[in-house]
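Secondary and tertiary structure notes
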Amino acid sequence: MAAAALIRLSSKPSLSSAASRVARCFASAPTSQAAPSSSSPSSSSPPLFAFSANPSPARREDPEARNVQWVFLGCPGVGKGTYASRLSVLLGVPHIATGDLVREELSSSGPLSLQLKEIVNQGQLVSDEIIIRLLSKRLEAGEAKGESGFILDGFPRTTKQAEILEGVTEIDLVVNLKLREDVLMEKCLGRRICSQCGKNFNVASINVKGENGNPGISMDPLLPPPHCMTKLITRSDDTEEVVKERLKIYYEKSQPVEDFYRRQGKLLEFDLPGGIPESWPKLLEALNLDDYEEKQSAAA
Ligand code: ADP
């Protein structure tokens, strides 16, 4: 099902080089934090990524024979989680957000929890080693349950993470979501999470005028159903000061990841035109999935 979508996707000009690339060996990730850019396996130290996606060589070398392996990039608040989770439902692959993995660890009483709290509340990035350990654990658990394919959200966030990921599996497509910075701030400040079901909502009503040639943008609030309304919480890192720091860190450390995938011809740039009602159909169109969604809805 998802593979069919990928076949049609690979006819998109922006993806043609992704479709024709040579599949890489992923037997082992680069094993040393000190030498992250090497993709050659090392025999002396244990691999950072214990997980190895799609162990059958035939499947991993043929992107059309397996489920999609996509990455969502974009600044804090842009909507990576919203669109990645919708696409994961449509394509039948898990949506894996490293921010969620970090928050799960934070809310546990595990040994990492205190250390992570300080880092996250200052808007800093968690070390590559910790984040890869969390992601690897999640991917392994998914594989044990029979999951195949993924949409990653919030990973990779540094070039080093991108290189490590490339050493273990093939990424088919990277969607780079973009939105004006003043809107990003409003969206982060309006973000709420239901403490019970974990779903994300937004209470901000955004209406900014066009300026300097940039179009205006309006977004209605994404309000929760009544049973979540009394359980809404705000993320401790969604304060103005911390969001500014997260944006700064994004430009410094995560924007180079866009270039990493742009050079490989895998980056699909997508400027969000507004809220979900305007953006979702346009995103499906950009991904060549508009017909696919119609067929899925008709079959349901
Ligand atoms: P955002 O809204 O900034 O995209 P996320 O929910 O993705 O937030 O992440 C929350 C926090 O978790 C980040 O600010 C960072 O501290 C940590 N984090 C998430 N993913 C990564 C990653 N790939 N590398 C390092 N730190 C990460």
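What counts as what
- Residues numbered from 1 in each chain as written.
- Predicted model: local features only at pLDDT ≥ 70, side-chain atom pairs only at ≥ 80, totals over all residues.
- Heavy atoms only, no water.
- Disulfide = S-S within 2.5 Å.
- Buried < 20%, exposed > 50% of the residue type's maximum accessible area, 1.4 Å probe, protein only.
- Near = heavy atom within 4 Å.
- Polar contact = N/O pair within 3.5 Å; in protein donor to acceptor, adjacent residues only side chain to side chain.
- Areas by Shrake-Rupley, 256 points an atom, 1.4 Å probe, with all protein chains shown as cover.
- Nonpolar A, V, L, I, M, F, W, Y, C, P; charged D, E, K, R; others polar.
- pLDDT = per-residue confidence, 0-100.
- Contact = heavy atoms within 4.5 Å.
- Pairing = 2+ DSSP bridges.
- Helix = DSSP H or I, 4+ residues; strand = E, 2+ residues; numbered from the N terminus.
- Axes fitted to C-alpha atoms, helices over the stretch in contact; angles between N-to-C directions.

Our focus in this paragraph is the state of the cysteines. With the rule as written, the count across this model stands at zero disulfides. Here C194 stays unpaired: no disulfide links it, and the sulfur of C197, its closest cysteine neighbor, is 3.7 Å away. Residue C197 is classed as partly exposed on the basis of its relative accessible area, which comes to 43%.

What follows is about the site of the ligand. Near the ligand, the surroundings consist of 20 residues, among which K80, T98, Q124, G154 and R246 are the closest. Here a nitrogen atom of the ligand and a side-chain polar atom of T98 are 2.9 Å apart. Residue Q124 places a main-chain N or O atom 2.6 Å away from an oxygen atom belonging to the ligand. Considered on its own, the ligand offers 550 Å² of accessible surface; in the complex 97% of this is hidden by protein. Looking at side-chain class alone, the shell around the ligand contains seven nonpolar, six polar and seven charged residues.

With that settled, the discussion passes to the confidence of the model for the chain. On average, the chain scores 82 in pLDDT, and the residues at 70 or more come to 78%. pLDDT under 50 marks residues 1–48. Its contacts with residues more than four places away, or in other chains, come to 102 contacts. Throughout residues 51–60 the model reports pLDDT below 50, and contacts reaching past four residues in sequence, or to other chains, amount to 27 contacts.

By definition, the strands of a sheet pair up through backbone hydrogen bonds, in either a parallel or an antiparallel sense. What the three strands build is an open sheet, ordered 6-5-9; its pairing is antiparallel. On the outer flanks of this sheet lie strand 6 (200–202) and strand 9 (232–233), each paired with one strand and no other. Looking at chain direction, strand 5 (residues 191–194) and strand 6 are connected through three bridges and run antiparallel. Across the sheet, residue R191 finds its bridge partner in strand 6, namely N202. Relative to strand 5, helix 9 (residues 181–190) is tilted by about 30 degrees, and along the sheet it contacts strand 5 and strand 6.

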